[in-house]
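Spelled out, the chains give:
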Amino acid sequence: MSERQESKDSLRKVVTVAASQEVAWRVFTDDIGSWWPLATHKIGRVAAVDAVIEPRVGGRWFERGEDGSTCTWGRVLVWEPTDRLVLTWEITADWAHDPELRTEVEIRFISAGAGSTRVELEHRGLDAFGARAAEMRGIFDSEGGWTGLLQGFVARADRAPRTEAHAATT
Amino acid sequence: MNVDVVLDALSDRTRRQVFDRLRRGPLSVGELADGMAVSRPAVSQHLKVLKAARLVADRAEGTKRIYTIEPRGLDPVRKWLDGVWDEALARFQAAAEREAKRETKAKGANR
């Protein structure tokens, strides 16, 4: 594992907010539509009226246009209310969505006393920009792919001695 | 270097693989092509795009061309993202503090 070079792999931001950890989390997630600069940073063709983070792992992070259409920015990887949020970022410079261009954003909410929260943001994976993700996808896209892997697993499970299979289910 | 040019160069999966391999050390065109499921001319074409975006550089070593990663190649992207987050976080901070004040007022009014 190569050593982490923060300046190359990621960017970091810290902001201290005069709000409780709970309020900071809620405004960041539930109310993202109220503060995200939609006028300048949106990817849909129509004007964006709202931004949403679906509150669960695997949830989408997207903008909603004035015609009701949605454009995805990424997905939720980690959802730990009031503590930690990790999102994928799949947006290009001209604000188009490209799931191949994947980086990660981690946001931590740390209490800094009553009514004060330190919010730390790290945007990482900047050195590879989805290259590793593309390699992994390449493995699964190759001959056999997911189907082959699953078939191989099923075949091995079927061949396993009865006692082993039995032990696995207990 | 324009951030769109850099991200455009990285928008192709094969180009990202070439870029990722060069991050681990210099390689000749032949060595790159050997380790990939694309033809040598295709690799050359991808290298041309990466070079135009200043993500990679090349030098001659005898008859071979050796490609290397440009350490500052992603700087335009980092700079752009830095600006995006500066603006977003400033607005987030203002919104969170407004909400905190609103809640404090509401609590006070309920007494």
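Heads up: these notes are all about the structure in this document. (Residues numbered from 1 in each chain as written. Chains lettered and ligands numbered in written order. Predicted model: local features only at pLDDT ≥ 70, side-chain atom pairs only at ≥ 80, totals over all residues. Heavy atoms only, no water.)

This part is about unusual backbone geometry. Of note in this structure, A:Thr82 is not a glycine but carries a positive phi near 70°. Residue classification places A:Thr82 among the partly exposed residues on the basis of a relative accessible area of 26%. You will see that B:Arg54, though not glycine, has its phi angle at about 60°, which is positive. Residue position: B:Arg54 is located in the loop between α4 (40-52) and β2 (56-61). (Buried < 20%, exposed > 50% of the residue type's maximum accessible area, 1.4 Å probe, protein only. Helix = DSSP H or I, 4+ residues; strand = E, 2+ residues; numbered from the N terminus.)

Next up on the list: the pairing of strand β2 (residues 48-53) of chain A. All names here are of chain A. As paired elements, β2 and strand β3 (residues 60-65) share 5 bridges and run antiparallel to each other. From the neighbouring strand, Ala 51 faces β3, where its bridge partner is Glu 63. Count of turn residues in the β2/β3 antiparallel hairpin: 6 residues, of which Gly 58 carries a positive phi of about 90°. (Pairing = 2+ DSSP bridges.)

Residues and elements named next belong to chain B. Alignment of strand β1 (residues 27-28) against strand β3 (residues 64-69), held across 2 bridges, turns out to be antiparallel. Note on β3: the bridge partner recorded for Ser 28 is Ile 66. Hairpin remark: β2 followed by β3, antiparallel, with 2 residues in the connecting loop; positive phi at Gly 62, about 65°.

Take A:Asp127: it is sitting in the loop between β7 (117-124) and α4 (131-141). With relative accessibility at 11%, the residue A:Asp127 sits in the buried group. Within the local environment of A:Asp127, its side chain forms a polar contact with the side chain of B:Arg23, the two groups lying 2.5 Å apart. (Polar contact = N/O pair within 3.5 Å; in protein donor to acceptor, adjacent residues only side chain to side chain.)

Our next topic: the nonpolar core. Of all hydrophobic cores here, the largest spans 64 residues; its most connected members are A:Trp36, A:Trp89, B:Leu55 and B:Phe92. The biggest single contributor to this core is helix α5 (residues 75-109) of chain B, with 11 residues. (Core = buried A, V, L, I, M, F, W, Y, C linked by side-chain atoms within 4.5 Å.)

Moving on: the pattern of salt bridges. Close approach of charged atoms lets side chains of opposite charge pair. Summed over the entire model, instances satisfying the criterion amount to 26 salt bridges over all chains. Ionic pairing is found between A:Arg26 and B:Glu99, a salt bridge with its closest N-O pair at 3.3 Å. Within this pair, whereas A:Arg26 is found in helix α2 (residues 21-29), its partner B:Glu99 is found in helix α5, the two belonging to separate chains. Each of the two residues, A:Arg26 as well as B:Glu99, counts as buried. For the salt bridge of B:Arg78 with B:Asp75, the shortest nitrogen-to-oxygen distance reads 2.5 Å. With B:Arg78 and B:Asp75 both in helix α5, this residue pair falls 3 residues apart, about one helical turn. In the salt-bridge network here, residues are joined through shared partners; they are A:Arg12, A:Glu80, A:Arg84, A:Glu104, A:Glu106, A:Arg108, A:Glu122 and A:Arg124. (Salt bridge = Lys/Arg side-chain N within 4 Å of Asp/Glu carboxyl O.)

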